[in-house]
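# Structural overview
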Amino acid sequence: MICDNLSINSSGHLCFAGYDTVGLAQKYGTPLYLMDENKIRENMREYKTAFEKYFPKGSCPEYASKAFSCKQIYRIAKEEGLNIDVVSMGEIYTAFKAGYPMENCFFHGNNKTDKEIAFAMESGVGCIVADSEEELFAIEKIAAQKGITQKILLRVTPGIDTHTHEKISTGNVDSKFGIAIDTNQAKETVGKILKLKNIDFTGFHCHIGSQIFESEPFDLASELMFRFIKDIKNTYGYTPRILNLGGGFGVRYVESDPKISFTEKIADIAEILKKQSNAFQIEIPKIAMEPGRSIVADAGLTLYSVGSVKEITGYKNYVSIDGGMTDNPRYTLYQSPYTVILASRANEKTDFCATIAGRCCEEGDVIQENVMLPKPNRNDILAVLTTGAYNYSMASNYNRVPRPPVVMLNENGDYVAVKRETLEDVCVLDI
Ligand SMILES: *Cc1c(COP(=O)(O)O)cnc(C)c1O
């Protein structure tokens, strides 16, 4: 099994976090998102512990909550002592309502409106990660109106290609995020920031991409950032208190993906930082990183009921399920690989090749192609693994399909963290 929280019981049912998935499908209905609370905590603790061991005092991981956002995940992040990233008023509001300490919250996004900036300040957001000069001046103006000093980080693009899919690679010079170092624009912006009165300029941020397994892109980013920091110090006499290296560690969606140790990666990055620190004679600032996917992906799994099985003689087979791109748009968006298991007959021979099709009125509504399964029957339960990140958070109501609930599992039992949307919910805003 691709993750240690999966097993098969004596009835041949797939078990997740020790729970029989078929039993949970019967109890809650399908489609159903399951989240293994202990796995989330284990992932958070691994980051937290490694940060305390390898990085300068005061360094702390941030959970990038766009990967999976609901009140309960912010409560868990609070309990585990992680900082958080948010990217919208909706995420700020959810964290605030969950009682998350907002001073530990970092506000991202390539185009924050004045309204959002004011809302962030009013909600007590600790730090705004400024993405453009327009935004910096807006933050300065709004902070002055409110009579406060706002902490900021400046997001820069170090100019790295991370060999991953184009749509999830964000460290390039031509990215829509941040300000480019290569073109000298980032340096010019720093000069302007240092003149602003209502801004506390705490340091730099870069995020190079996602689903990264190698250490090399982080090595390269660290080197480029230290070179930049040295240049800034020489020009302006400014040194950052914080260096945020972004998120992006890869997770195992399929057997062929490697399993990486976050602790080892963080130890590697710490070595590189020491090397750069010596080379450029710059003290290592407090380090932040922003894992999203690698905190929640393997803590999640989605269950569906099989509807029809269509064998198109001489062409292909379709297994249709009661969910699809509305609860998991990632195959439709960027052909993301997933492991699919027939949860109700997980110990049977997988000799039937099928395309797993969603229920939406789009030919492209597919969860995965060329999946090997025992030939399913109507009402068999199908599990798609590693769906904890960018599934619930990307869900939609296309075709007016209500969103599935999120059920969390821990040693005390199963509980609803997000309720199933009802038909009333679907038209609650209609007049
Ligand atoms: C998406 C994103 C992250 C999280 O990336 P993962 O690949 O989920 O770890 C972190 N920081 C920023 C700025 C992001 O945009």
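Residues numbered from 1 in each chain as written. Predicted model: local features only at pLDDT ≥ 70, side-chain atom pairs only at ≥ 80, totals over all residues. Heavy atoms only, no water.

What follows concerns the overall build of the protein. Looking only at helices and strands, the protein features 12 helices and 21 strands. The C-alpha atoms of the protein give a radius of gyration of 23 Å, which matches the 22 Å a tight globule of 431 residues would have. Summarising its shape, the C-alpha atoms of the protein cover approximately 70 × 55 × 45 Å along the three principal directions. Taking all 431 residues of the protein together, 59% fall into the buried category. Taking as baseline every contact in the protein between residues at least 6 positions apart, the subset at least 24 positions apart corresponds to 70%. With 47 positive and 56 negative side-chain charges, the protein shows a spacing of 4 Å between the two charge centroids. (Helix = DSSP H or I, 4+ residues; strand = E, 2+ residues; numbered from the N terminus. Rg over C-alpha atoms; globule rule 2.2 N^0.38 Å. Buried < 20%, exposed > 50% of the residue type's maximum accessible area, 1.4 Å probe, protein only. Contact = heavy atoms within 4.5 Å. Lys, Arg positive; Asp, Glu negative; His and termini not counted. Charge placed at Lys NZ, Arg CZ, Asp CG, Glu CD.)

Before going further, it helps to examine helix α6 (residues 133–146). Compared with an ideal rise of 1.5 Å per residue, which puts 14 residues at 20 Å, α6 spans 20 Å between its outermost C-alpha atoms and is within 8% of the ideal. Looking only at α6, the buried set comprises Glu 135, Leu 136, Ala 138, Ile 139, Glu 140, Ile 142 and Ala 143. Along its buried surface, α6 packs onto α5 (114–122), β8 (127–130), β9 (150–157), α7 (185–193) and β11 (199–205). The opening residue of α6, the one whose side-chain oxygen lies 3.2 Å from the backbone nitrogen of Glu 135, is Ser 132. (Expected span 1.5 Å × (residues − 1). Polar contact = N/O pair within 3.5 Å; in protein donor to acceptor, adjacent residues only side chain to side chain.)

Lys 66, Ser 210, Glu 290, Arg 293 and Tyr 390 are the nearest of the 14 residues found near the ligand. Within the side chain of His 207, an N or O atom sits 3.5 Å from a nitrogen atom of the ligand. Within the contact set of the ligand, an oxygen atom lies 2.7 Å away from a backbone nitrogen or oxygen of Arg 293. Notes on the ligand: free accessible area 380 Å², of which the protein chains cover 92%. By residue class, the composition of the shell around the ligand is three nonpolar, seven polar and four charged. (Near = heavy atom within 4 Å. Areas by Shrake-Rupley, 256 points an atom, 1.4 Å probe, with all protein chains shown as cover. Nonpolar A, V, L, I, M, F, W, Y, C, P; charged D, E, K, R; others polar.)

Take the packing of α5 against α6 next. Between α5 and α6, the least distance of the axes is 10 Å, while the angle of their chain directions is 50°. As judged from the angle between their axes, α5 and α6 are oblique. For α5 against α6, the interelement crossing comes out right-handed. Residue-level inspection shows Asp 114, Ile 117, Ala 118, Met 121 and Glu 122 of α5 in contact with α6, the latter providing Glu 135, Ala 138, Ile 139, Ile 142, Ala 143 and Lys 146. Each residue belonging to the contact of α5 with α6 can be placed in one class, and the counts come to seven nonpolar, no polar and four charged. (Axes fitted to C-alpha atoms, helices over the stretch in contact; angles between N-to-C directions. Parallel < 35°, antiparallel > 145°, perpendicular 65-115°, else oblique. Left-handed = near helix turned anticlockwise from the far one by under 90°.)

Per the domain assignment, the segments of the protein are domain 1 (6–36 + 297–427) and domain 2 (108–291). The partner domain 2 presents six residues to the eight residues of domain 1 that form the contact. Around 750 Å² of area is buried between domain 1 and domain 2 when both sides are counted, 57% of it from carbon and sulfur atoms. Of all residues in domain 1, Tyr 334, Pro 337 and Thr 386 bury the most surface against domain 2, accounting for 50% of the area lost on that side. Where domain 1 packs against domain 2, one counts zero salt bridges. Viewed at the interface, domain 2 and domain 1 are joined by two residue pairs in polar contact (both at pLDDT 80 or more). (Domains from an automatic or database assignment. Buried area = accessible area lost by both parts, 1.4 Å probe. Salt bridge = Lys/Arg side-chain N within 4 Å of Asp/Glu carboxyl O.)

You can see Val 401 is positioned in the loop between β19 (381–385) and β20 (406–410). Of the residues examined, Val 401 reaches a relative accessible area of 10% and is grouped as buried. For the pair Val 401 and Thr 326, spaced 75 residues apart in sequence, the C-alpha to C-alpha distance is 7.2 Å.

Our next topic: the environment of Cys 361. For Cys 361, the position within the fold is in the loop between β17 (352–357) and β18 (366–373). Classification of Cys 361 by relative accessible area gives exposed; the value is 63%. Dropping the residues within four chain positions of it, Cys 361 is found in contact with Tyr 398 and Asn 399.

So, on to the packing of aromatic side chains. Counted under the stated rule, the structure contains 12 aromatic pairs. Where Phe 201 meets Phe 204, the ring centres are 5.5 Å apart and the plane angle is 90°; that geometry is what we call edge-to-face. A residue is classified by how much of its surface remains accessible, and Phe 201, at 6% relative accessible area, is buried. Over the ring of Phe 107 we find Lys 112; its NZ or CZ atom is 5.7 Å from the centre of that ring. (Phe/Tyr/Trp six-rings, centres within 6.5 Å; stacked < 30°, edge-to-face > 60°. Lys NZ or Arg CZ within 6 Å of the ring centre and 35° of its normal.)

What follows concerns the side chain of Asn 391. Mapped onto the elements, Asn 391 comes out in the loop between β19 and β20. Here Asn 391 falls in the buried class, since its relative accessible area comes to 0%. Within the structure, the side chain of Asn 391 is placed 3.1 Å from the side chain of Tyr 338, a separation counted as a polar contact. Among all residues touching Asn 391, those that are not within four sequence positions of it are Tyr 33, Thr 302, Asp 327, Asn 328, Arg 330 and Tyr 338.

So, about the sheet that holds strand β3 (residues 19–20). With antiparallel pairing, three strands are arranged side by side in an open sheet as β1-β2-β3. With one partner strand each, in any of the chains shown, β1 (6–8) and β3 form the two edges of the open sheet. Alignment of β1 against strand β2 (residues 14–16), held across three bridges, turns out to be antiparallel. Counted as the bridge partner of Leu 6 is Phe 16 from β2. (Pairing = 2+ DSSP bridges.)

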